[in-house]
Amino acid sequence: MNETIRIHGGDGPTMLLLAGGAASSHGFFPGLVRGLRDEPGCRVIEYDRPGTGLSTERGTFAEASSHLHRMITDLQVGPVIVVGQSLGGAAAASLAHDHPDDVAGLVLLDPTPVNDPTVAARLERAYGMVAAAARLPGVPALLRYATLRSIDRSIRRRPLRPDCIDAYRRLADTDQPQLRRSLHGLARTADQFRETDLRHVPTVVVTADRKGGRVNASHRRLADGFGGTLEIWPGSTHAMHLEFPDRTLATVRDMVARTDP
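Just so it is clear, the model here is predicted, and its values are computed rather than measured.

Peer 1: Describe in detail the state of the cysteines, supporting the description with residues and values.
Peer 2: Scanning all chains against the criterion turns up zero disulfides. Of all cysteine sulfurs in the structure, the one in Cys164 sits closest to Cys42, which takes part in no disulfide; the separation is 19 Å.

Peer 1: Tell me about the sheet that holds strand S5 (residues 103–109), residues and numbers included.
Peer 2: Taken together, the seven strands give an open sheet; going across it, the order is S1-S3-S2-S4-S5-S6-S7, and neighbouring strands pair in mixed fashion. At either margin of the open sheet sits one strand with a lone partner, and together these are strand S1 (5–8) and strand S7 (229–232). Across the sheet, the mean angle separating the axes of adjacent strands is 20° when strand polarity is ignored. Note: strand S2 (residues 14–18) against strand S4 (residues 80–85), four bridges, orientation parallel. The residue bridging Leu18 from the neighbouring strand is Gly84, located in S4.

Peer 1: With reference to specific residues and values, describe helix H9 (residues 214–225).
Peer 2: The terminal C-alpha atoms of H9 lie 16 Å apart, and with 12 residues this matches the ideal 16 Å at 1.5 Å per residue to within 8%. Among all positions in H9, only Asn216, Ser218, His219, Leu222, Ala223 and Gly225 are buried. Elements that come into contact with the buried residues of H9 comprise helix H3 (87–98), S5, strand S6 (203–207) and S7. In the segment just after H9, Gly227 is the residue with positive phi, at about 70°.

Each value, and the rule that gives it
- Residues numbered from 1 in each chain as written.
- Predicted model: local features only at pLDDT ≥ 70, side-chain atom pairs only at ≥ 80, totals over all residues.
- Heavy atoms only, no water.
- Disulfide = S-S within 2.5 Å.
- Pairing = 2+ DSSP bridges.
- Helix = DSSP H or I, 4+ residues; strand = E, 2+ residues; numbered from the N terminus.
- Axes fitted to C-alpha atoms, helices over the stretch in contact; angles between N-to-C directions.
- Expected span 1.5 Å × (residues − 1).
- Buried < 20%, exposed > 50% of the residue type's maximum accessible area, 1.4 Å probe, protein only.
- Contact = heavy atoms within 4.5 Å.

Structural data, given as structure tokens:
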């Protein structure tokens with residue numbers, strides 16, 4: 001099986017899963033592949049776009065929508081229901097903006113604000129600084145240790161399933177230079193992203209339970225632009241797909257029911 005494109009299931013509605021950051025899609029959404037394959041019998045695609053996960057092809061966020069469009073066209077699977085978290089959610093929104101005929105529905109889990117140029121530019125700068133620091137001796141180990149400490153604190157606050165704990169802890173192994181490269185072009189994409197250009201498509205945007213701010217406001221505008229709904233899951237953080245895996249599955253199944261002819 002192609003390591004960057006994994007296809008599970010059979011002839012049901014086609015789902016496309018896009019991981020956050022530069023992570024691999026494989027195992028990123030615990031329980032989602034099996035749950036969707038078993039009921040309602042979906043065909044599920046886990047895809048590592050160029051520049052992310054196990055892909056050896058170079059790629060940046062500026063090219064994300066074109067890479068996704070190429071994959072969907074080559075496999076002749078469109079239109080697809082896309083599930084994306086964080087940067088994967090931003091890539092899904094960018095695909096729907098640039099190639100609306102490829103998308104049948106969207107579930108965006110605390111997506112990176114691809115429709116807010118200010119936040120997008122701030123993120124690119126911040127991760128550029130982290131990636132630069134990660135080149136210094138000893139810094140990668142310190143970053144991994146700090147990330148694991150933060151993850152373990154989150155786990156203590158909310159008991160998680162073992163598979164979700166494993167997926168959460170894998171985030172500590174993030175390749176910072178790869179993440180910086182995968183973010184490149186986010187700000188430029190955000191400059192060109194027009195909410196008024198969005199075609200209405202069944203959409204759920206789930207925003208983390210934070211105290212307002214620009215990110216939540218961008219999620220509201222994104223949901224409105226697609227003619228969809230905005231949800232806030234009480235107690236959720238950016239890693240909501242790991243904190244609420246059953247609710248994530250139920251939300252995606254509901255989207256399948258809404259889009260299935």
